[in-house]
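# Fold and contact review
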Amino acid sequence: MSPAKGSHGLDNYAFTIDGQFCDIPDTKRKGEEAIDEDTNKLVYCVTDVPPWYLCIILGVQHCLTAFGGIVAIPLILAQGLCLQHDGLTQSHLISTIFFVSGICTLLQVTFGVRLPILQGGTFTLLAPSMAMLSMPEWTCPAWTQNATLVNTSSPEFIEVWQSRLRALQGSIMVGSLFQVFVGFSGLIGLFMRFIGPLTIAPTISLIGLSLYDSAGSSAGSHWGISAMTTVLIIIFSQYLRHIPVPFPAYNRDKKLHTCHIYVFQILPVLLGLMLSWLICYILTVYDVFPSEPDKYGYLARTDVKGDVMAQAPWLTFPYPGQWGLPTVTLAGVFGILAGVISSMIESVGDYHACARLSGAPPPPKHAINRGIGIEGLGSLLAGAWGTGNGTTSYSENVGALGITKVGSRMVIIAGGFLMIIMGVFGKVGAIFSTLPSPVVGGMFMVMFGVICAAGVSNLQYTDMNSSRNIFIFGFSMFSGLVIPNWIIKNPRAIATGVVELDQVLQVLLTTSMFVGGFFGFILDNTIPGSKQERGILAWNKVHNEDSTNTLENSEVYNLPFGISSYLSNFPWIRYVPFCPSGRMSSLHECKGDASSLKPKQANGHAEMITVGVAL
């Protein structure tokens with residue numbers, strides 16, 4: 001591996017697979033910026049199959065990109081499940097969510113939308129889940145909050161957390177059936193017709209804002225350590241992301257070369273956590289942190305959770321129903337439905353973005369329907385396995401495609417298998433379960449802030465000089481904060497006389513994303529406004545933007561293993577919403593925005609791969 005010759009800036013560093021020098025085309029200066037004319041060229045498009053070692057390397061990168069989101073969900077749920085002081089069970093949950101995310105990724109890439117898009121846990125289900133677990137009947141007993149009183153192996157404690165997780169499982173499984181129905185029936189198109197930026201913006205933003213308490217409680221266990229973690233992640237992801245790090249490497253002739261890799265772009269969260277973790281370990285060894293559980297800073301110690309690493313098995317095999325038979329509550333189902341709807345809308349946008357970045361044509365309706373249906377099936381499996389969460393498409397991994405210039409779905413398949421392997425090795429989950437609380441809080445400060453900003457970014461499609469739009473967004477956001485906060489402080493205020501209805505209203509009205517999204521949806525569809533003013537025209541243009549490439553739908557979105565060819569023999573198949581119409585076509589060379597998708601060959605090897613990924 002070696003740095004590319006002829007490069008004019010840090011962004012042009014690259015490395016080759018065989019270690020030979022490769023030229024990057026000359027760039028043109030505009031002010032102080034160098035504009036690479038070939039920045040939109042892909043090395044491998046969606047249907048290409050890179051060498052196996054490249055699939056593994058980039059598959060690992062995608063797993064690490066999704067690491068922060070996947071690990072954060074069980075750590076947040078642990079608070080609502082009364083598992084703050086049970087590191088071993090937390091490690092089981094982390095292993096389970098990795099395992100299921102790998103399975104769902106393989107299902108999505110093989111039988112779903114068939115784009116290179118990773119599946120993982122979703123924060124849209126986290127908000128209603130925490131609202132459900134905050135109900136009076138699910139409030140954690142006081143003794144579970146005291147580490148000295150918790151006996152993690154006692155039947156009483158096991159029943160406390162498993163009963164809550166089983167209730168969460170059942171609600172997720174029933175709620176996911178709605179997504180399966182909407183996807184495979186083709187109703188997602190009807191939903192999208194009435195949902196625009198002014199509905200999405202408050203819904204997604206309030207996911208991040210509603211989790212401020214979880215971030216604050218974790219970070220507040222030692223503000224110095226959490227601030228250090230936050231600063232490190234910010235420095236790595238924002239200030240050092242364009243700085244390549246040299247690594248020694250050998251080419252095929254066994255000659256030593258130097259390659260430059262954007263390590264800080266690839267692993268900003270992981271680097272920040274590991275460095276903070278190491279500092280906490282050193283301070284623990286020298287007893288800088290107090291050893292008394294009731295003293296401030298005790299949770300920053302790395303030995304708080306005892307010998308979790310020693311207790312965790314080397315191999316673990318998550319299976320459906322491992323926590324017992326799931327139970328269903330009406331309140332939980334309605335709360336999960338609010339998250340499911342948000343997840344579906346977000347995924348449709350991810351499909352279109354992924355198609356553009358991987359050199360594929362815009363996804364047809366049947367592929368979108370199938371993708372949403374498979375995501376629902378994935379959430380059903382996640383509920384059955386007991387992750388305490390569902391699955392969705394990961395936007396950050398879609399962004400990685402634009403940086404690596406490798407849009408092959410075989411890379412994501414490799415990533416799916418790697419996540420399954422990570423879920424099987426119990427020590428992997430145990431490692432992450434022992435993260436000190438303030439280190440986790442520092443990560444939450446960054447992640448939840450980014451989620452909030454991602455929601456607000458949807459307003460770019462609307463006319464924010466319009467008093468109508470300002471009113472809708474402002475009222476939706478403020479209501480999404482005020483109403484849940486008041487209901488939480490006055491849990492007995494809802495008393496209709498029907499217990500089930502009280503529980504449903506309790507969960508919905510304490511779920512900020514539901515309240516804000518509901519008001520945004522109603523007001524945006526009832527207050528007069530043009531489509532341009534509402535942002536619908538720009539929204540649809542982005543989601544349905546035609547690509548000038550000539551890669552045919554049949555090669556990308558048809559079902560694998562000749563299933564589509566077989567089904568095309570039946571005339572009625574055109575009426576099935578999640579199946580192709582039966583018109584088969586051939587594969588042409590990819591051109592346009594994804595031009596030159598087939599890389600130039602040098603000695604049988606691909607010319608260039610640029611490594612890096614955004615936070």
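Residues numbered from 1 in each chain as written. Predicted model: local features only at pLDDT ≥ 70, side-chain atom pairs only at ≥ 80, totals over all residues. Heavy atoms only, no water.

Confidence in the prediction for the chain averages 80 pLDDT; 83% of positions are at 70 or higher. Of the regions scoring below 50 in pLDDT, residues 582–615 engages in 110 contacts with residues more than four places distant in sequence or in other chains. (pLDDT = per-residue confidence, 0-100. Contact = heavy atoms within 4.5 Å.)

A separate point is unusual backbone geometry. If you check the backbone angles, Cys82 has positive phi at about 65 degrees while not being a glycine. Structurally, Cys82 can be placed in the loop between helix H1 (52–80) and helix H2 (87–111). Relative accessible area serves as the criterion here: at 1%, Cys82 is assigned to the buried category. A positive phi angle is found at Arg114, which is not glycine, with a value near 70 degrees. With respect to the helices, strands and loops of the structure, Arg114 is situated in the loop between H2 and strand S3 (119–120). (Helix = DSSP H or I, 4+ residues; strand = E, 2+ residues; numbered from the N terminus. Buried < 20%, exposed > 50% of the residue type's maximum accessible area, 1.4 Å probe, protein only.)

Attention now moves to the nonpolar core. Residues Leu115, Phe123, Met443, Phe444 and Phe448 are the most contacted members of the largest nonpolar core, which totals 104 residues. No other element matches H1, which puts 11 residues into this core. (Core = buried A, V, L, I, M, F, W, Y, C linked by side-chain atoms within 4.5 Å.)

Enumeration according to the criterion identifies five salt bridges in this entry. Measuring nitrogen to oxygen at the nearest pair gives 3.5 Å for the salt bridge that ties Asp287 to Arg301. One end of the pair, Asp287, is in the loop between helix H10 (268–285) and helix H11 (308–311); the other, Arg301, is in the loop between H10 and H11, and 14 residues separate them in sequence. Overall, the relative accessible area of 52% leaves Asp287 in the exposed class. With a shortest N-O distance of 3.0 Å, Asp524 and Arg468 are connected by a salt bridge. Residue Asp524 is found in helix H20 (residues 512–526), and its partner Arg468 is found in helix H18 (residues 467–489); the two are separated by 56 residues along the sequence. Using a relative accessible area of 1% as the deciding quantity, one classes Asp524 as buried. The exposure class of Arg468 is buried, given its relative accessible area of 8%. (Salt bridge = Lys/Arg side-chain N within 4 Å of Asp/Glu carboxyl O.)

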